[in-house]
Amino acid sequence: MHSVCVLGLGLIGGSVLRAVRSAGYPAWGATKSEGDRDAALADGYDVEASVEDALRRAADADALIVLAVPLTALEEVLRQIRALAPSCPLTDVVSVKGPVAEAVGRILPAVRYVGGHPMAGSTESGWAAGSAELFRGAPWVVTAEEETDLTRWAQVARLAIACGAHVIPATPEQHDATVARISHLPHLFAAVLAAVGAEGGPLAWSLAAGSFTDGTRVAGTRPELVRAMCEGNRAALLEALDEALGRLGAARGSLASTGGLAVTVDAGHEARRGFTATPQAGPAEVRIDLKDPNALDELLDLGTLGGRITSIEDDLAVGEERV
């Protein structure tokens, strides 16, 4: 079992360190946050005094480096890796994939990199908010492209599965376009909804119930984290935002002209039912030979159709396809 070096010990990075250690991986971390470092050490975790020390140790062990830093700090850390551990395999848990892949390709063009993003989290932040169980049952995107080494892809997929997640294969472009719709746009809507609600004053707060609190929950996330992920996915988010504004504009026009909202409300209701509906048939098992020349296409087809990988057995990816 290979070693793991986690850089960044906030909610996600701290949870990765906890989860991989629970799974039996030799693992250590590092962070620039003195508070997170002290808290992790107090909880009995192996934390180096600096990022540089952690990277030197990673180079000696050929450890898998997991980047769990904000997008705004990424380039600085990549330059440290280039100086101290350029031959180590590399993955990340950053919430956008295209900008990370671009930065890695520019700063570390020869690195063994496979992108990742666990779709789990909380409105809380920092080491204290993390848990070894955070990823249990969650989807974890592991990116694949034409040049991806599937041996390295499998290494990252095993890590995600060991953390309790199931793996969704996708290209960086697919990932970013999708999370713009189901993660980043909801964060923007939550911010707008909270601000509009606040304009109602004390009476609004006293009347707010489930629909408002559910809709604004993620507005409690630290603003700098929301800005980093949304601004980092600008192009894809603009496309999703344009579509949403078009639907809102149509709803306003209909309400103003006829007083009706049936088209908007019915479409949303049907879409929500589609998300929560149980498939009529159970999932079919999928087994993909990672040495097969068509393995990359098969992985990406599986992810596109909503399938998932639940285990890696030697060079065989085993998962489920919705039918």
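For the structure itself, consult the block above.
As a starting point, this report considers the structure included with it. (Residues numbered from 1 in each chain as written. Predicted model: local features only at pLDDT ≥ 70, side-chain atom pairs only at ≥ 80, totals over all residues. Heavy atoms only, no water.)

## Considerations on the overall build of the protein chain
Here comes step 1: From N to C terminus, the protein chain includes 13 helices and eleven strands.
Here comes step 2: In terms of overall dimensions, the protein chain is globule-like: its C-alpha atoms have a radius of gyration of 21 Å, near the 20 Å expected for 323 residues.
Here comes step 3: Here the C-alpha coordinates of the protein chain stretch approximately 70 × 45 × 35 Å along the principal axes.
Here comes step 4: When burial is assessed residue by residue, the protein chain has 44% of its 323 residues classed as buried.
Here comes step 5: Considering only contacts within the protein chain whose residues lie at least 6 apart along the sequence, 69% involve residues at least 24 apart. (Helix = DSSP H or I, 4+ residues; strand = E, 2+ residues; numbered from the N terminus. Rg over C-alpha atoms; globule rule 2.2 N^0.38 Å. Buried < 20%, exposed > 50% of the residue type's maximum accessible area, 1.4 Å probe, protein only. Contact = heavy atoms within 4.5 Å.)

## A closer look at the pattern of salt bridges
Here comes step 1: In this structure the tally under the stated criterion is 18 salt bridges.
Here comes step 2: The partner of Asp92 in a salt bridge is Lys97, and the shortest N-O contact between them spans 2.7 Å. Judged on exposure class, the residue Asp92 and its partner Lys97 are both buried.
Here comes step 3: Residues joined in a network through salt bridges with shared partners are Glu75, Arg79, Glu102 and Arg106. (Salt bridge = Lys/Arg side-chain N within 4 Å of Asp/Glu carboxyl O.)

## As for the nonpolar core
Here comes step 1: Grouped together as the largest cluster of nonpolar side chains are 47 residues, with contacts concentrated most on Val16, Phe135, Trp140, Trp153 and Ile309.
Here comes step 2: Contributions of two or more residues to this core are made by β1 (4–7), α1 (11–22), β3 (64–67), β7 (139–143), α6 (150–162), β9 (284–289), α13 (295–304) and β10 (308–313).
Here comes step 3: When residues of this core are assigned to their parent elements, the largest contribution, eight residues, is made by α6.
Here comes step 4: Not counting the four nearest positions on each side in its chain, Trp153 is found in contact with Val114, Val142, Thr143, Ala144, Thr148, Val167, Pro169, Leu299, Ile309 and Ile312.
Here comes step 5: Among the nonpolar cores identified, the runner-up in size contains 28 residues, and Ile65, Val96, Val100 and Leu108 belong to it. (Core = buried A, V, L, I, M, F, W, Y, C linked by side-chain atoms within 4.5 Å.)

## Structural notes on helix α4 (residues 74–84)
Here comes step 1: Along α4, the residues that are buried comprise Leu74, Val77, Leu78, Gln80 and Ile81. The arc enclosing the buried residues of α4, seen along the axis, measures out at 155°, which places them on a common side.
Here comes step 2: On its buried face, α4 sits against β1, α3 (51–61), β3, β4 (89–92) and α5 (98–107). (Arc of directions from axis to C-beta.)

## Examining the environment of Ile161
Here comes step 1: If you trace the backbone, Ile161 turns up in helix α6.
Here comes step 2: Sequence spacing of Ile161 and Val20 is 141 residues, and the spatial spacing of their C-alpha atoms is 9.8 Å.
Here comes step 3: Dropping the residues within four chain positions of it, Ile161 is found in contact with Val167, Ile309, Thr310, Ser311 and Ile312.

## Quick notes on the side chain of His166
Here comes step 1: Relative to the helices and strands, His166 resides in strand β8 (residues 166–170).
Here comes step 2: Since its relative accessible area comes to 12%, His166 is described here as buried.
Here comes step 3: With sequence-adjacent residues up to four places away left out, His166 is seen in contact with Gly137, Ala138, Pro139, Trp140, Arg308, Ile309 and Thr310.

## Topic: the packing of helix α7 (residues 172–198) against helix α11 (residues 234–257)
Here comes step 1: It is at 8 Å that the axes of α7 and α11 come closest, and there the two elements cross at 60°. As the angle between them shows, α7 and α11 are arranged oblique. Considering the relative orientation of α7 and α11, their crossing is right-handed. Contacts from Asp176, Ala177, Ala180, Arg181, His184, Leu185, Leu188 and Phe189 in α7 reach Ala236, Leu237, Ala240, Leu241, Glu243, Ala244 and Leu248 in α11. (Axes fitted to C-alpha atoms, helices over the stretch in contact; angles between N-to-C directions. Parallel < 35°, antiparallel > 145°, perpendicular 65-115°, else oblique. Left-handed = near helix turned anticlockwise from the far one by under 90°.)

## Here we look at the sheet that holds strand β2 (residues 27–30)
Here comes step 1: Ordered in space as β2-β1-β3-β4-β5, the five strands form an open sheet in which the pairing is parallel. Both outer strands of the open sheet, β2 and β5 (112–113), are each paired with one neighbouring strand and no more.
Here comes step 2: In this sheet, β3 lies alongside β1 in parallel orientation, the contact comprising four bridges. If you follow Cys5 over to β3, its bridge partner there is Ile65.
Here comes step 3: The strands that α3 touches are β1, β2 and β3; relative to β2, the one it contacts most, it runs at about 150°.
Here comes step 4: Each of β1, β3 and β4 touches α4; the most contacted strand, β3, lies at about 165° to it. (Pairing = 2+ DSSP bridges.)

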